[in-house]
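# Report on the structure
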Amino acid sequence: MFQKILIANRGEIALRVLRACKELGIQTVVVHSTADSDAMHVRLADESVCIGPPPSRESYLNIHQIVAACEITGADAVHPGYGFLSENAKFADILAAHNITFIGPSGDHIRIMGDKIEAKRTARRLGIPVVPGSDGAIGDEKEAKRVAAEIGYPVIIKASAGGGGRGMKVAHTEADLEVALQTAKSEAGAAFGDDAVYIEKYLEKPRHIEVQVFGDGAGGGVHFGERDCSLQRRHQKVWEEANSPALNAEERSRIGGICAKAIADLGYSGAGTIEFLYENGEFYFIEMNTRLQVEHPVTEAITGIDLVHEQIRVASGGGLSVRQEDIKFNGHAIECRINAEDPRTFTPSPGTITHFHTPGGLGIRVDSGVYSGYKIPPYYDSLIGKLIVHGRNRVECMMRLRRALDEFVVDGIKTTLPLFRDLVGNPDIANGDYDIHWLEKYLAKGE
Ligand code: ADP
């Protein structure tokens, strides 16, 4: 087992990882920018190293500074959290070259999944169902027209190097295709420095369903069921559930089995998420994330398994603490992402939190790095906390969520809490009847 882990992240996820390390008796080092000297993870860590000024590029994304912090403190492993360097293959390779363990998969696996065309090809080879579309990058307009005619309109053009929902364009007819192709290519070139795009069938009313997988580092793979993250705004997840209200046990076990086998065949190590769109009973692979997800606590709630403990165990060579048959799904869990944003316009609302009171009681978990008197810096993501609620079934979970949202107090800044208070009383949400477009339509109506 590791002696000392360096946490290369900030906010709630840095604290989340720190807690897991403390439970396992591992010393912790955190790195932080000058804007985060007062952050909770800095206060609670055994050691902290300031690695630079507020802009992420000069601190949280600065590989040299982070490696230097490992060497100065004698850390033997790095947990990257999510975002920042968590899916940076070069970072994983550099750490390996310094004999520091990256708590995540190999640089090669990160590279494959970071290139969407390569990821899709790999998924298809591993027997994972994919969205019908082009086999690789689209050469010219003629090829785009041929593929689109084959799969049928509407189609979506996506950037191979894409991320964060950027570089995607939908074409409803052949007449739209030329413009969609050109705009997607130039957006991709500008945003990612790579204008390779591919084409796939545009699904009109899918749900976003993702499977949590783990490779044990020794050729084995398991799945921890799925999460439904269909409630999104601008392709950003807002509310997540486990299990999905749309799947039955047979479907869960079938798609989970396919994913677990794929992970084993790939020789993958650590946590990963295989993301699908789900429509009319069919799954369509869209991408794989090679890291811990923001929404992992809903899976922890229904399985009772600490996924960060498992990541650390696997990375240290100790394998998983569970076999597939030990992973049972118990009840239902929902996570609400609480952002420091206006609940209607979603404009960021940094500033000082004058009062912070979190709900408690059976089935309630709050993961947050903020506290009363904390000043939210304007430089980073606006996520300030996550409310995770567990119940014996979805109805009990929703009752408890409504109560917990009423108890939650964040004064001094605007947050998305009022949005969740509205959503929890909405009949479609109560029935679990929503797709990936539901939230945007609801917000557009201004209900
Ligand atoms: P990114 O990495 O940029 O987030 P993804 O491939 O994960 O891109 O897609 C993000 C979101 O875009 C999906 O959750 C879904 O809402 C939408 N999307 C992607 N592909 C399709 C498709 N073929 N049909 C319909 N919507 C899609």
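On a predicted model such as this, the values are computed, not experimentally measured, just so you know.

### A look at the environment of His 235
- Structurally, the position occupied by His 235 is in the loop between strand S10 (221–233) and strand S11 (236–242).
- Taking the C-alpha atoms as reference points, His 235 and Gly 164, 71 residues apart in sequence, are found 7.1 Å from one another.
- Residues within four places of His 235 in sequence aside, it is in contact with Gly 165 and Met 168.

### Describing the site of the ligand
- Near the ligand you find 20 residues, and of these Lys 116, Lys 158, Gly 165, Lys 201 and Glu 287 are the closest.
- Between the ligand and Lys 116 there is a distance of 2.7 Å, counted from an oxygen atom to a side-chain nitrogen or oxygen.
- For the ligand, whose unbound accessible area comes to 560 Å², protein coverage reaches 94%.
- Listed by contribution, the elements that provide at least two residues to the shell around the ligand are strand S6 (155–159), strand S8 (197–201), strand S12 (269–279) and strand S13 (282–289).
- Class assignment for the residues of the shell around the ligand results in seven nonpolar, six polar and seven charged.
- Two domains each donate at least three residues to the shell around the ligand, and these are domain 2 (132–201) and domain 3 (207–445).

### Considerations on the layout of surface pockets
- Its boundaries defined by the atoms lining it, the second largest pocket holds a volume of some 160 Å³.
- Residue lining of the second largest pocket: 13 residues in total, with Ala 35, Asp 36, Asp 38, Lys 375 and Pro 377 positioned closest to the centre.
- In terms of residue class, the lining of the second largest pocket is made up of eight nonpolar, two polar and three charged.
- Counting only domains with at least three residues in the lining of the second largest pocket, you end up with domain 1 (4–103) and domain 3 (207–445).

### A word on the domain arrangement of the protein
- Here the domain parsing of the protein yields domain 1 (4–103), domain 2 (132–201) and domain 3 (207–445).
- Computed over C-alpha atoms, the centres of domain 2 and domain 3 are 30 Å apart.
- Contact with domain 2, which involves six residues of that partner, is made by four residues of domain 3.
- Summed over both partners, the interface of domain 2 with domain 3 buries about 310 Å², with 57% contributed by carbon and sulfur atoms.
- Joining domain 2 to domain 3, the criterion identifies zero salt bridges.
- On the surface where domain 2 and domain 3 come into contact, there are zero residue pairs in polar contact (both at pLDDT 80 or more).
- A per-class count over the side of domain 2 that touches domain 3 returns two nonpolar, two polar and two charged.

### Details of the sheet that holds strand S14 (residues 332–339)
- Taken in spatial order, the eight strands make up an open sheet running S13-S12-S9-S10-S11-S14-S19-S17, and their pairing is antiparallel. Edge strands, defined here as strands with exactly one partner in the open sheet, are S13 and strand S17 (364–368). The sheet shows a mean angle of 25° between the axes of neighbouring strands, direction not considered.
- As judged from the four bridges shared by S10 and S11, these two strands associate in the antiparallel manner. If you follow Gln 232 over to S11, its bridge partner there is Lys 237.
- Across the sheet, helix H9 (residues 249–266) lies against strand S9 (207–216), S10, S12 and S13, angled at about 115° from S10, the strand it touches most.

### So, the nonpolar core
- In this structure, Trp 239, Leu 387, Leu 401 and Leu 423 are the most contacted members of the largest nonpolar core, which totals 37 residues.
- Broken down by element, the residue count for this core peaks at five residues, all from helix H12 (residues 394–407).
- Setting aside residues no more than four positions away along its own chain, Leu 387 makes contact with Ile 334, Glu 335, Cys 336, Ile 338, Pro 359, Ile 364, Arg 365, Val 366, Leu 401, Ala 404, Leu 405 and Phe 408.
- Ile 26, Leu 307, Val 314 and Ile 327 belong to the second largest nonpolar core, which has 32 residues in total.

### A closer look at H9
- Over its 18 residues, H9 extends 26 Å from the first C-alpha to the last, a length consistent with the 26 Å expected when each residue adds 1.5 Å.
- Among all positions in H9, only Glu 251, Arg 252, Ile 255, Gly 256, Cys 259, Ala 260, Ala 262, Ile 263 and Leu 266 are buried. Along the long axis of H9, the arc covered by the buried residues comes to 160°, so they all point the same way. Of the residues in H9, the exposed ones pointing more than 90 degrees away from the buried face are Ala 249, Glu 250 and Lys 261.
- In this structure, the buried residues of H9 make contact with helix H5 (107–114), helix H6 (116–125), S9, S10, S12 and S13.
- Between a side-chain oxygen at the N-terminus of H9 and the backbone nitrogen of Glu 250 the separation is 3.1 Å; the capping residue is Asn 248.
- Looking one or two places after H9, you find Gly 267, whose phi comes out positive at around 75°.

### Topic: the sheet that holds strand S2 (residues 27–33)
- Taken together, five strands build an open sheet; the order of strands is S3-S2-S1-S4-S5 and the sheet is parallel. Among the strands making up the open sheet, the edge pair consists of strand S3 (47–52) and strand S5 (101–102).

### Description of the packing of aromatic side chains
- Counted under the stated rule, the structure contains eleven aromatic pairs.
- Ring centres of Phe 356 and Phe 408 lie 5.9 Å apart, and the angle between their planes is 70°; on these two criteria the pair is classed as edge-to-face. With Phe 356 in strand S16 (residues 355–357) and Phe 408 in the loop between H12 and strand S20 (409–411), the pair connects residues that are 52 residues apart, well separated along the chain.
- A ring pair is formed by Trp 438 and Tyr 442, whose centres lie 4.9 Å apart and whose planes are at 15°; its orientation type is stacked.

### Re the environment of Ser 134
- Examined against the element boundaries, Ser 134 turns out to sit in the loop between H6 and helix H7 (141–151).
- Of the residues examined, Ser 134 reaches a relative accessible area of 5% and is grouped as buried.
- Along the sequence, Ser 134 and Gly 317 sit 183 residues apart, while their C-alpha atoms lie 39 Å from each other.
- Look past the residues within four positions of Ser 134 in its chain and what remains in contact with it is Arg 124, Val 147, Tyr 198 and Ile 199.
- At 2.9 Å, the side chain of Ser 134 and the backbone oxygen of Gly 136 are in polar contact.

What counts, and at which threshold
- Going along each chain's sequence as written, the residues are numbered from 1 onward.
- In keeping with the model being predicted, local features are shown solely for residues with a pLDDT of at least 70 and side-chain atom pairs are shown and tallied solely at 80 or more, while totals for entire chains, interfaces and linings include all residues.
- Neither water nor hydrogens contribute to the side-chain values; these are computed over all heavy atoms in the structure.
- Each helix is a run of DSSP H or I of at least 4 residues and each strand a run of E of at least 2, with the numbering of both proceeding from the N terminus.
- Residue contacts follow a heavy-atom distance rule, with two residues in contact if any of their heavy atoms lie within 4.5 Å.
- Consider each residue's heavy atoms; a residue with any of them within 4 Å of a molecule or strand counts as near.
- Any pair of N or O atoms that falls within 3.5 Å is considered a polar contact. Within protein, one atom must be able to donate a hydrogen and the other to accept it, and sequence-neighbouring residues count only if both atoms are side-chain atoms.
- All accessibility values rest on the Shrake-Rupley procedure with a 1.4 Å probe; residue burial counts only the protein chains present in the view.
- Amino acids outside the nonpolar list (Ala, Val, Leu, Ile, Met, Phe, Trp, Tyr, Cys, Pro) and the charged list (Asp, Glu, Lys, Arg) are all regarded as polar, and Gly is one of them.
- What fixes the domain bounds is an automatic or database domain assignment.
- Only protein atoms enter the 1 Å grid, on which a cavity is a set of points fitting a 1.4 Å probe that cannot get out and a pocket is an open set with protein on both sides within 12 Å along at least 5 of 7 lines, lining residues being those with an atom within 4 Å of a point.
- Grid points are joined across faces, edges and corners, and a volume is the space filled by probe spheres set on the points.
- Buried area is calculated as the accessible area (1.4 Å probe) missing from two parts once they are joined, with the contributions of both summed.
- Salt bridges are defined by distance alone: a side-chain nitrogen of Lys or Arg within 4 Å of a carboxyl oxygen of Asp or Glu.
- Pairing between two strands requires that DSSP report at least two bridges joining them.
- Axis definition: a line fitted to C-alpha atoms, over the contacting stretch in the case of helices. Angles run 0 to 180 degrees between N-to-C directions.
- Nonpolar cores were defined as sets of buried Ala, Val, Leu, Ile, Met, Phe, Trp, Tyr and Cys residues, with membership established by side-chain atoms within 4.5 Å.
- The buried label applies to any residue whose accessible area, calculated with a 1.4 Å probe on protein chains only, is under 20% of its type's maximum; exposed applies above 50%, and partly exposed to all values in between.
- Residue count minus one, scaled by 1.5 Å, sets the expected span of a helix.
- When we speak of the arc, we mean the arc of directions from the helix axis to the C-beta atoms.
- Ring pairs shown here join Phe, Tyr and Trp side chains whose ring centres sit within 6.5 Å, with only the six-membered ring taken for Trp; geometry is labelled stacked below 30 degrees between planes, edge-to-face above 60, and tilted in between.

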